[in-house]
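Okay, here's what each chain looks like letter by letter:
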Amino acid sequence: MPEILTLIHRRIALIYTALRPNFFLRSRTRFLAFFRLTRKGMQDGENKIDEDKIKDLVGIPKITFVHSIVDAIVEYDIDKALASMDEILNQGKDLNNFLWEIIKYVKDVLIYKSSGKAELYSEDEVTNIKNLSDKVTKEKLVNLIYELSNLENDMKWSTQKTIMFQAGIIKLCSKEIGTGGDIEDRLEKIENYLHKNY
């Protein structure tokens, strides 16, 4: 039994370090908690450890949240983006991990739009990716990856990560906005959101 647990722990650590450089080191406490959880689960006879349990423990939001915020950005829907951000913040998710998941998801949408392939996703998730890819150009997706990567870099050095994250997502939802009342409506939504949270 200890050998099996050690093997499981090593494989999980390898998967996450492969997916994100230094991810394991930054989330060491959560991984230790996860290891304890798996050990307890094995002792109690609970052999089912699903993806949602792992993601929840290491602070990675579910794919539905990632899709929702990317969809809001693509549609310039500030209301939807603000609602998604509120939900993520209320759950106490790690914003660096969340932003990395968003960048990876946008990259996967771009790959799907280019090749029609979306590996490692369920059938429903592939449908969501297809719907997103139909709404956006390749150029827009490339630009989003660039802008989100810049936001990730800015957040690394900021002491106010939450504010940086919110401002960055709002900025992405506000690009190419129309004229007249449309601008005023969007600015009012942003102001109301900021007054509510600060």
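Residues numbered from 1 in each chain as written. Predicted model: local features only at pLDDT ≥ 70, side-chain atom pairs only at ≥ 80, totals over all residues. Heavy atoms only, no water.

Residues Val70, Ile102, Tyr105, Phe165 and Ile169 are the most contacted members of the largest nonpolar core, which totals 39 residues. For this core, the secondary structure elements donating two or more residues are helix H5 (63-74), helix H6 (78-90), helix H7 (95-115), helix H8 (123-135), helix H9 (138-156) and helix H10 (161-174). With 10 residues, the top contributor of residues to this core is H7. Setting aside anything within four residues of it in sequence, one finds Ile102 in contact with Val66, Ile69, Val70, Leu148 and Phe165. (Core = buried A, V, L, I, M, F, W, Y, C linked by side-chain atoms within 4.5 Å. Buried < 20%, exposed > 50% of the residue type's maximum accessible area, 1.4 Å probe, protein only. Helix = DSSP H or I, 4+ residues; strand = E, 2+ residues; numbered from the N terminus. Contact = heavy atoms within 4.5 Å.)

For H5, spanning 12 residues, the distance from its first C-alpha to its last is 16 Å, which sits close to the expected 16 Å at 1.5 Å a residue. For H5, the tally of buried residues reaches 11 of 12 residues, placing the bulk of the element in the interior. The elements touched by buried residues of H5 are H6, H7, H8, H9 and H10. Tyr76, located one to two residues past H5, shows a positive phi value of around 55°. (Expected span 1.5 Å × (residues − 1).)

Moving on: the packing of aromatic side chains. Inspection of the entire model under this criterion finds two aromatic pairs. A ring pair is formed by Phe98 and Phe165, whose centres lie 5.7 Å apart and whose planes are at 55°; its orientation type is tilted. Within this pair, whereas Phe98 is found in helix H7, its partner Phe165 is found in helix H10, the two being separated by 67 residues in sequence. Per residue, the accessibility class of Phe98 equals that of Phe165, and both read buried. Their ring planes at 75° and their centres at 6.2 Å tell us that Tyr105 and Tyr121 sit as a pair that is edge-to-face. Separated by 16 residues along the polypeptide, Tyr105 in helix H7 and Tyr121 in the loop between H7 and H8 bring together distant segments of the chain. (Phe/Tyr/Trp six-rings, centres within 6.5 Å; stacked < 30°, edge-to-face > 60°.)

The end-to-end C-alpha separation of H8 is 19 Å, in line with the 18 Å expected for 13 residues at 1.5 Å each. Taken residue by residue, H8 has Ile129, Leu132 and Ser133 as its buried positions. Taken end-on, H8 shows its buried residues confined to a sector of 100°, consistent with a single buried face. Exposed residues on H8 whose side chains face more than 90 degrees from its buried face are Glu123, Asp124 and Asp134. The inward-facing, buried residues of H8 abut H5 and H7. (Arc of directions from axis to C-beta.)

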